[in-house]
Amino acid sequence: MSNLETRPAERVCSAATSEDAGRVEVLTHRDVPLGGTRAMRVRRTIPQRARSLVGAWCFLDHYGPDPLPAIGDGTDGMQVPPHPHTGLQTVSWLFAGEILHRDSVGSLQTVRPGELNLMTAGRGISHSEETPRGERPPVLHGVQLWVALPGDRLTDPPAFEHHADLPVATSGGARVQVFLGELTVAGKALRSPATAYTPLVGAQLDLEPGARVTLDVDTRFEHALLVDDGAVRLEGDDVPPSSLGYLAPGRRTLTVEAGGDGPGRAVLVGGEPFAEDVVMWWNFVGRSHDDVARARADWQAQLVVTGDDGPHHGGTRYAADASSGRYGEVEGYDGGPLPAPVLPDVRLRPRSRPAAGPRSHPAGDGQ
């Protein structure tokens with residue numbers, strides 16, 4: 001899973017101050033087709049105009065449940081050809097289904113519900129994601145999240161981790177599994193073994209009908225709850241499915257409840273407000289327009305484009321020396337790598353920080 005928009009906007013993502021630190025701010029999603037109007041669709045809640053970061057979390061796509069034959073245009077389930085990343089970690093987390101990950105550091109790993117695939121791009125990596133061939137679960141359902149790397153990690157070598165044994169606790173009819181960072185549930189500290197470069201948390205909450213759980217949280221963190229399914233309340237406020245309920249730093253606890261008519265499921269993300277502005281375009285995270293322009297040029301230099309067959313991988317292959325380039329080469333995927341979209345030649349103007357309230361994006365509509 002990645003950002004396969006054919007006309008991505010360049011965005012500056014920044015920590016924002018809340019006008020009311022005590023209330024839940026509900027952020028609705030927008031529907032995004034990945035790779036074209038008939039491709040797999042996702043529901044994206046961040047980045048957006050009102051809020052572009054939650055801690056270091058800078059991207060959240062929510063998809064499914066999709067029956068596999070209905071996904072894409074003539075594809076066999078999810079088929080995301082090799083493509084590049086810089087300056088981030090990708091977090092693959094499933095509620096149902098399976099995804100096979102390949103990358104340029106030699107990883108070949110299937111991820112399933114309750115397991116974590118974590119890829120750290122650093123200075124550059126390429127990877128593919130696909131539905132396994134042959135027998136596989138009939139439905140695909142999950143979230144794809146990105147974590148921005150701090151500035152001192154942007155030139156780190158790429159890496160990949162898979163974790164199948166992640167900490168779980170139960171309380172008040174709720175099951176909480178932490179996949180990144182740490183969280184305290186019913187006095188039990190849950191810490192993921194996955195590598196995190198900033199203070200943060202990512203966790204799945206499964207709630208029985210009428211369940212109520214209170215989480216002990218870090219007062220320095222801002223938090224957001226993505227509701228996947230069911231009637232779920234955060235601090236007494238309803239958060240509709242596929243929406244994100246945001247709370248500013250300052251709280252010692254968070255209370256999450258499910259309605260009495262059925263179960264609920266949600267994903268909690270949070271972290272210290274990110275200290276740096278980041279620039280995001282396509283699958284690159286940097287600190288300036290020039291960063292992403294160089295990243296795009298380096299990716300295109302590793303490709304041989306033999307024809308124009310639309311936004312996907314037809315007519316594109318790796319150059320003979322691609323494995324020695326910035327991103328390396330993904331082996332084993334049945335198809336060529338994705339060419340990058342055209343990057344607008346823009347320069348972002350300096351801007352001042354508002355005293356309070358959400359910060360807007362100076363480039364694109366942020367939606």
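Scroll up to find the structure.
One structure accompanies this document, and this report is about it. Nothing here was measured: the structure is a model prediction, and the numbers come from that model.

**Considerations on the pairing of strand E10 (residues 116–120)**
Here is step 1: Buried residues dominate E10, accounting for five of its five residues.
Here is step 2: Side chains Leu116, Leu118 and Thr120 of E10 all project onto a buried face; the interleaved residues Asn117 and Met119 project onto the opposite face, where all are buried too.
Here is step 3: Pairing of strand E7 (residues 88–96) with E10, which is carried by four bridges, proceeds in the antiparallel orientation. Its bridge partner lying in E10, Thr90 is registered against Met119.

**Digging into unusual backbone geometry**
Here is step 1: With an omega of 5°, the peptide bond between Ile46 and Pro47 qualifies as cis.
Here is step 2: Examined against the element boundaries, Pro47 turns out to sit in the loop between strand E4 (41–46) and strand E5 (57–67).
Here is step 3: Looking along the chain, the bond that leaves Gly64 and enters Pro65 is cis, with omega of 0°.
Here is step 4: Along the polypeptide, Pro65 turns up in strand E5.
Here is step 5: Non-glycine residue Ala186 carries a positive phi angle of around 50°.
Here is step 6: Topologically, Ala186 is positioned in the loop between strand E15 (174–185) and strand E16 (188–191).
Here is step 7: The class of Ala186 is exposed, set by a relative accessible area of 55%.

**Let's talk about the environment of Pro249**
Here is step 1: Of note, Pro249 is situated in the loop between strand E22 (244–247) and strand E23 (253–258).
Here is step 2: The contact partners of Pro249, leaving out residues within four places of it in the chain, are Thr219, Arg220, Phe221, Glu222 and Pro273.

**Some words on the sheet that holds strand E12 (residues 139–148)**
Here is step 1: Spatially, E3-E4-E5-E12-E7-E10-E13 is the arrangement adopted by the seven strands of the open sheet, whose pairing is antiparallel. Of all the strands in the sheet, the pair left with one neighbour each is strand E3 (30–33) and strand E13 (159–163). Sheet twist, expressed as the mean angle between neighbouring strand axes with direction ignored, is 20°.
Here is step 2: Here eight bridges tie E5 to E12, and the two strands are oriented antiparallel to one another. From the neighbouring strand, Tyr63 faces E12, where its bridge partner is Gly142.

**With respect to the side chain of Arg43**
Here is step 1: Within the fold, Arg43 resides in strand E4.
Here is step 2: In this structure Arg43 is buried but unpaired, with Asp228 as the nearest side chain of opposite charge at 5.2 Å.
Here is step 3: A polar contact of 2.6 Å, which involves the side chain of Arg43, links it to the backbone oxygen of Gly64.
Here is step 4: Separated by 2.9 Å, the side chains of Arg43 and Ser242 make a polar contact.

**What to know about the packing of aromatic side chains**
Here is step 1: Under the counting rule described, the total for this entry stands at eight aromatic pairs.
Here is step 2: Taking the centre distance of 6.3 Å and the plane angle of 35° together, the rings of Phe284 and Tyr327 count as tilted. Linking Phe284 in strand E26 (residues 284–286) with Tyr327 in the segment after strand E28 (316–318), this pair joins segments that are 43 residues apart in sequence. Pair check on accessibility: Phe284 and Tyr327 agree, each one buried.
Here is step 3: Summarising the aromatic geometry, the rings of Trp299 and Tyr318 are spaced 6.1 Å apart at their centres and angled 90° between planes, so their arrangement reads as edge-to-face. Taken as a pair, Trp299 in helix H1 (residues 289–301) and Tyr318 in strand E28 lie far apart in primary sequence, 19 residues in all.
Here is step 4: Take Trp299: its relative accessible area is 0%, and that puts it in the buried class.
Here is step 5: Taking relative accessible area as the criterion, Tyr318 reaches 11% and is therefore assigned buried.

Rules used throughout
Residues numbered from 1 in each chain as written. Predicted model: local features only at pLDDT ≥ 70, side-chain atom pairs only at ≥ 80, totals over all residues. Heavy atoms only, no water. Buried < 20%, exposed > 50% of the residue type's maximum accessible area, 1.4 Å probe, protein only. Helix = DSSP H or I, 4+ residues; strand = E, 2+ residues; numbered from the N terminus. Pairing = 2+ DSSP bridges. Contact = heavy atoms within 4.5 Å. Axes fitted to C-alpha atoms, helices over the stretch in contact; angles between N-to-C directions. Lys, Arg positive; Asp, Glu negative; His and termini not counted. Salt bridge = Lys/Arg side-chain N within 4 Å of Asp/Glu carboxyl O. Polar contact = N/O pair within 3.5 Å; in protein donor to acceptor, adjacent residues only side chain to side chain. Phe/Tyr/Trp six-rings, centres within 6.5 Å; stacked < 30°, edge-to-face > 60°.

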